[in-house]
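Tertiary structure, described
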Protein chains: 2
Amino acid sequence: MANIQEVARKAGVSVATVSRVLNNNSNVTEKTRLKVKQVINELSYEPSRLGRNLRNSESRLLLVLIPNISNPFYSEIINGIEETAVKQDYNILLCETNSDSERESIYINLIKNRMADGIILMDPTVNKKKLHELSETYSIVQCSEYDKEGNIPFVSINNELAAYHAVRYLIKIGNKKIALINSDEKFLYARERKRGYEKALHEFGITGYSDLIYHTDAVSFEDGQLAMRCLLDKKEKPTAVFAVSDILAIGALKEINASGLKVPSDISIVGFDKIAFSNMTYPTLTTISQPMYKMGCASANMLINKIKGKQVENITFDHELVIREST
Amino acid sequence: MANIQEVARKAGVSVATVSRVLNNNSNVTEKTRLKVKQVINELSYEPSRLGRNLRNSESRLLLVLIPNISNPFYSEIINGIEETAVKQDYNILLCETNSDSERESIYINLIKNRMADGIILMDPTVNKKKLHELSETYSIVQCSEYDKEGNIPFVSINNELAAYHAVRYLIKIGNKKIALINSDEKFLYARERKRGYEKALHEFGITGYSDLIYHTDAVSFEDGQLAMRCLLDKKEKPTAVFAVSDILAIGALKEINASGLKVPSDISIVGFDKIAFSNMTYPTLTTISQPMYKMGCASANMLINKIKGKQVENITFDHELVIREST
DNA sequence: TATTGTTTTGTAATCGTTTTCATTATAGAG
DNA sequence: CTCTATAATGAAAACGATTACAAAACAATA
């Protein structure tokens, strides 16, 4: 495999000139440029990014930390990140943390080792203090789930408002006994969506159903089923369910169907995220849509700007209530 | 940010010794080792992989080329790849090709530029000749979808046999008019699964239903719906459907439900892949399960072995027919 | 033609490691 | 205490690019 030296020798120029041609940078005579390009072709030379990276002290890699790649919510975000990154000559290093802080710190080391130029964090499980320290030295942005305290920039939506809209809608179509299937409240989004839920109930003077809140261990279909089974066992069954994730909602839906009750006539259900599959369930799922793809694009741009040393501003995207058959 | 020179100076040793401590390689006195480690801590020094990579002429990055990250089939494979790679101190560079050969070749350049040590290809859209040329110089393995012609090693299943099993099962439970929802036959798996379908029909002497084969443009829920709508419009409706992907099957299922027909009493349906969703549909989907995670692990191991210069053998995993409510 | 200014090119240092080979320190044997 | 064998260390050359600075080539002007 040829290197820049060989090209220079064969073309009868210096490596500096070859490098200049490569980066079509400063002024090189058309004649030499042509000659060099010809030799590059003859030797089918490809510049090594290893050398270039070392010299430039950059990896042109963005580290993307997600809890779980199988969750379609993240797939869409990653789509956006990748698209945006590639346009600006970056690549993404996708790493799945499984919300395990040990695993996460293995990956975070990649930035300390200069193998990544920045991090897009989807689910910070690392302890806050460490994270904030880290963000003073390195370029980090948060996407979707974030930590308010520090000053690490983030891209997200207004979770409280979105949940409020969902629940208000359930109330307006006649529901009072509205269950909440929430995930672990260690997540900001979980706390915020719960607050939106409570706010809507409070606003319409609905009280006394605090046992209709269920917290799942994780976000999986099975957790959704489990939650719903639990809720159906209550002496006062809910007439509607708001789940903080489509995945949970779909599990719940399955459980309702299995119990012989009908959606939406017996129980209405609203999910969150508008994953592709939410339109394939029976019945189709009413849900809150987040602009996942755009959020991915925005966080990649934000990170790249941060790497370049620019000042960046937090972004809050709009959500939308998508009404379908489950309500 | 400290470098190895500073550590060496502060510890009063040479960079060689520091490097040896770092790689806890050859013999370093316990005393100096301790001293060096202490300085490393004091300076919170982290070795740069950029320097190391250049020196070692490796990137320790595996390029994973998938057509579409949103397809849960691939997510599971990626899980396996990543898990395996990380254990051996590799990271994965995940790249989505969208089955676009131009995009694919951008990514393939990464290996020419030494930014990746090898490639796991899921959906070779690059032209075959180029691919085979490439594989003479670089380490490449194929996973799931592959090209038989060349001698690029692959990990897959026996698609023909799997399809044969699915269709034979449909026949045995009493179906004759069995539709096939296939994807584009540019894919090997599509051609093979079709052959399995035909083999089963032929074996049981079923003929005359060749208009019950539908080819979709892509693999999406919508394509599945479209296909089913088309099949339901035939004068002789099928009593069973075999779809070459769960995604297509789920779309088809949706369409059958929408048309007022019942699954499985009116129409039975079998999918392929056993994605997580397939257990959440109404009714749950009978499907062929592939060991996606294990396939991911196997292809990562295979690639790493190839990078190390070892000889590798193709692997064909077993499939399994998972009978659920849709049949 | 000599002088100046502007392009174009080359030399050599640099990025941060690893590793070969030479050298020095240490221990063990006589 | 000296001599050897071995273990521990260091000096310096890679790896393959980029780039500051110096030098050479060229063009323009007097």
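From a predicted model like this one, the values you see are computed outputs, not experimental measurements.

Another point: the overall build of chain A. A tally of regular secondary structure across chain A gives 12 helices and 12 strands. Whereas a compact globule of 327 residues would reach a radius of gyration of roughly 20 Å, chain A reaches 26 Å, over 25% beyond that. Seen through its C-alpha atoms, chain A measures out along the principal axes to roughly 85 × 40 × 30 Å. Every one of the 327 residues in chain A was classed for burial, and the buried ones make up 56%. For chain A, long-range pairs separated by at least 24 residues make up 70% of all intrachain contacts whose partners lie at least 6 apart in sequence. In the form shown here, chain A has an accessible surface area of approximately 14,100 Å², with 45% of it arising from carbon and sulfur atoms. Charge-centre separation for chain A: the mean point of 41 positive side chains lies 6 Å from the mean point of 40 negative side chains.

Relative to the helices and strands, E133 of chain A is located in helix α7 (residues 128-137). Sequence separation between E133 of chain A and G150 of chain A is 17 residues; the distance between their C-alpha atoms is 9.6 Å.

Turning next to the interface of chain A and chain B. The partner chain B presents 53 residues to the 54 residues of chain A that form the contact. It is L50, R114 and M280 of chain A that lose the most area in chain A upon contact with chain B, and together they represent 16% of the buried surface on that side. Counting every contact that joins chain A to chain B gives 4 salt bridges. The salt bridge partner of R103 of chain A is E83 of chain B, with a shortest N-O separation of 3.3 Å.

All names here are of chain A. Read across the sheet, 6 strands follow the order β7-β6-β8-β9-β10-β12 without closing on themselves; strand pairing throughout is mixed. Every interior strand has two partners, whereas the edge strands, β7 (213-215) and β12 (320-322), have only one. Strand-to-strand, the axes of this sheet are offset by a mean angle of 20 degrees, without reference to chain direction. Lying on the sheet, helix α10 (residues 221-232) is in contact with β6 (178-182), β7 and β8 (240-243); it crosses β6 at an angle near 150 degrees.

Turning next to helix α6 (residues 101-112) of chain A. Residue and element names in this part refer to chain A. Under the 1.5 Å per step criterion, the end-to-end length of α6 is 16 Å for 12 residues, consistent within 8% with the ideal 16 Å. What α6 keeps buried is the set R103, E104, Y107, I108, L110 and I111. For α6, the buried positions fall inside an angular range of 135 degrees around the axis, keeping them on one side.

Residues and elements named next belong to chain A. Closest axis-to-axis distance for the helix α2 (residues 15-22)/helix α3 (residues 30-42) pair is 10 Å, and the angle between their directions is 85 degrees. What the angle tells us is that α2 and α3 run roughly perpendicular. From α2, V18, R20, V21 and L22 reach across to α3, where they touch R33, V36, K37 and I40. Residues that form the contact of α2 with α3 fall into these classes: 5 nonpolar, no polar and 3 charged.

Glancing now at unusual backbone geometry. With an omega dihedral of 5 degrees, the bond running from V263 of chain B to P264 of chain B counts as a cis peptide bond. With respect to the helices and strands, the residue P264 of chain B is situated in the loop between α11 (246-258) and β9 (268-273). Residue P283 of chain B is bonded to the preceding Y282 of chain B through a cis peptide linkage, with omega at -5 degrees. Relative to the helices and strands, P283 of chain B resides in the loop between β9 and β10 (286-289). With a phi angle near 55 degrees, K274 of chain A is a residue other than glycine that sits in the positive phi range. Summarising the element assignment, K274 of chain A is placed in the loop between β9 (268-273) and β10 (286-289).

All names here are of chain B. The alternating pattern of strand β8 (residues 240-243) places A240 and F242 on one face and V241 and A243 on the opposite face, and all of these are buried. Both β8 and β9 contribute to a ladder of 3 bridges, which runs parallel. Residue pairing for β9: F242 is matched across the bridge by V270. Chirality of the crossover, the property in question, places the unit of β8, α11 and β9 among those that are right-handed.

Turning next to the relation of the copies chain A and chain B. You can overlay chain A on chain B at an RMSD of 0.1 Å; the transform is a turn of 180 degrees with a shift of 0.0 Å along its axis. The relationship between the two copies is best expressed as a two-fold rotation axis. Distance from the rotation axis, computed per C-alpha, reaches its smallest value in chain A at L93 of chain A: 2.5 Å. Here 96% of the contact residues of chain A are again contact residues in chain B; the copies associate through an equivalent surface.

In the numbering adopted here, UniProt assigns the feature "domain: HTH lacI-type" (unreviewed entry) to residues 2-56 of chain A. Here residues 2-56 of chain A runs as 67% helix and 0% strand, with 21 Å between its end C-alpha atoms.

Conventions used here
Residues numbered from 1 in each chain as written. Chains lettered and ligands numbered in written order. Predicted model: local features only at pLDDT ≥ 70, side-chain atom pairs only at ≥ 80, totals over all residues. Heavy atoms only, no water. Helix = DSSP H or I, 4+ residues; strand = E, 2+ residues; numbered from the N terminus. Rg over C-alpha atoms; globule rule 2.2 N^0.38 Å. Buried < 20%, exposed > 50% of the residue type's maximum accessible area, 1.4 Å probe, protein only. Contact = heavy atoms within 4.5 Å. Areas by Shrake-Rupley, 256 points an atom, 1.4 Å probe, with all protein chains shown as cover. Lys, Arg positive; Asp, Glu negative; His and termini not counted. Charge placed at Lys NZ, Arg CZ, Asp CG, Glu CD. Buried area = accessible area lost by both parts, 1.4 Å probe. Salt bridge = Lys/Arg side-chain N within 4 Å of Asp/Glu carboxyl O. Pairing = 2+ DSSP bridges. Axes fitted to C-alpha atoms, helices over the stretch in contact; angles between N-to-C directions. Expected span 1.5 Å × (residues − 1). Arc of directions from axis to C-beta. Parallel < 35°, antiparallel > 145°, perpendicular 65-115°, else oblique. Nonpolar A, V, L, I, M, F, W, Y, C, P; charged D, E, K, R; others polar. Right-handed = clockwise from strand over helix to strand, strands pointing away. Least-squares fit on C-alpha atoms with pLDDT ≥ 70 in both. UniProt positions renumbered as here; feature names shortened; annotations may be inferred.

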